[in-house]
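Geometric and topological summary
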Amino acid sequence: MPRTMKSLCALAALAALVPAASPAARNVGAPLAGTVAATTYSSSGAYHGAVDIDGGTCGTTPITTGVAGSLAWNVVINTPSTLCNTAMTGPQNVARHTFADGFTFRLMDFNKTGQTYDRTCDRCNIGAAGDKGIPANSLHLQRDKSGTKDTSWYAGYSTVGEALSLGELVGVLD
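The following paragraphs examine the structure supplied in this document. Because the structure is predicted, anything quoted here is derived from the model rather than measured.

**Digging into the overall build of the protein chain**
- If you tally the helices and strands in the protein chain, you get one helix and 14 strands.
- The buried share among the 174 residues of the protein chain stands at 41%.
- Surface accessibility of the protein chain: about 9100 Å² in total, with carbon and sulfur atoms responsible for 58%.

**Some thoughts on the nonpolar core**
- The biggest cluster of nonpolar side chains holds 27 residues, and the ones touching the most others in it are Val51, Ile53, Trp73, Phe105, Leu141 and Trp153.
- Counting only elements with at least two residues in this core, the list comes to β3 (51–54), β5 (71–76), β7 (104–108), β10 (125–129), β11 (139–145) and β14 (169–173).
- Broken down by element, this core gets its largest block of residues, three residues, from β5.
- Non-local contacts of Trp153, meaning those with residues more than four positions away in its chain, are made with Val28, Val51, Phe105, Leu141, Arg143, Val170, Gly171, Val172 and Leu173.

**Quick look at the sheet that holds β10**
- The three strands lie next to each other as β4-β10-β8, forming an open sheet whose pairing is antiparallel. Because the sheet does not close on itself, it has two edges, and the strands there are β4 (62–64) and β8 (110–111).
- Direction of pairing for β4 relative to β10: antiparallel, over a ladder of three bridges. Across the sheet, residue Pro62 finds its bridge partner in β10, namely Ala128.

**So, the side chain of Thr104**
- With respect to the element layout, Thr104 can be found in strand β7.
- On the accessibility criterion, Thr104 (7% relative accessible area) is buried.
- Apart from residues lying up to four places away in sequence, Thr104 is in contact with Arg96, His97, Thr98, Gln142, Arg143 and Asp144.

**A look at the packing of aromatic side chains**
- The final tally for this structure, using the stated rule, is three aromatic pairs.
- Seen from their ring centres, Tyr41 and Tyr47 are 5.9 Å apart, and the 75 degrees between their planes marks the pair as edge-to-face.
- Ring plane angle 85 degrees and centroid distance 5.2 Å describe the contact between Trp153 and Tyr154, whose orientation is recorded as edge-to-face. Neither Trp153 nor Tyr154 differs from the other in exposure class; each is buried.
- Put simply, the rings of Phe105, Trp153 and Tyr154 touch in pairs and so form one group of aromatic residues.
- Between the NZ or CZ atom of Arg119 and the centre of the ring of Tyr117, over which it lies, the distance is 4.1 Å.
- Across the ring face of Phe103, the terminal group of Arg143 is positioned such that the distance to the ring centre comes to 3.8 Å.

About the criteria used
- Numbering of residues begins from 1 in every chain and follows the order in which that chain's sequence is written.
- Given that this is a predicted model, residues contribute local features only at a pLDDT of at least 70 and side-chain atom pairs are listed and counted only at 80 or more, while totals for whole chains, interfaces and linings are drawn from all residues.
- Only hydrogens and water are set aside when side-chain values are computed; all heavy atoms of the structure are taken into account.
- Think of it this way: any DSSP run of H or I at least four residues long counts as a helix, any run of E at least two long counts as a strand, and we number them from the N terminus.
- Relative accessibility under 20% of the residue-type maximum defines a buried residue, over 50% an exposed one, and the middle range a partly exposed one, all with a 1.4 Å probe and only protein chains included.
- In these tables, accessible area is a Shrake-Rupley quantity obtained with a 1.4 Å probe, and a residue counts as shielded only by the protein chains included in the view.
- Residues belong to one nonpolar core when they are buried, are Ala, Val, Leu, Ile, Met, Phe, Trp, Tyr or Cys, and are joined through side-chain atoms within 4.5 Å.
- Note on definitions: a residue-residue contact is assigned when non-hydrogen atoms from the two residues lie within 4.5 Å.
- Two strands are said to pair when DSSP picks up at least two bridges between them.
- Here the aromatic set is Phe, Tyr and Trp, taking the six-membered ring for Trp, and pairing holds for ring centres within 6.5 Å; pairs whose planes are under 30 degrees apart are stacked, those over 60 apart are edge-to-face, and all others are tilted.
- Criterion for a charge above a ring: Lys NZ or Arg CZ within 6 Å of the ring centre, and within 35 degrees of the ring normal.

Right, here's the structure in full:
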């Protein structure tokens with residue numbers, strides 16, 4: 001019996017030396033069905049550093065947070081009215097989650113609904129499709145840290161012109 005206890009204690013000591021697992025990668029699914037309109041560069045050739053998805057019916061198609069896992073979302077309302085068939089200019093509505101490593105993931109350019117408020121959730125509805133008017137509905141998905149946009153999360157996953165189903169993989173946050 002004493003030998004068994006020593007063996008168990010030795011195993012427990014070894015387990016304590018194993019480093020903690022790093023946070024799991026989080027899949028980002030399409031927050032709405034549509035077409036990838038822009039990724040690293042916009043159609044004008046300017047640096048964009050995000051994924052824009054065109055799709056849905058302005059003001060009625062629900063937008064989800066898209067990121068797998070229960071996360072705290074901070075929602076900032078800059079355009080309380082539903083904007084359709086009008087070019088959205090100036091500050092837009094934003095849903096943002098900041099990770100422990102300092103990276104922030106944002107969804108921008110959507111219309112406010114009764115579901116548009118701060119909360120912790122797993123791929124919940126945060127609003128409705130917006131309409132930038134250039135050329136159509138467009139939801140902006142961006143990852144950044146200290147003001148620098150990170151494109152690695154969607155590189156190799158999303159391409160301009162690609163049709164996406166709701167929830168289809170857009171990229172991976174790691």
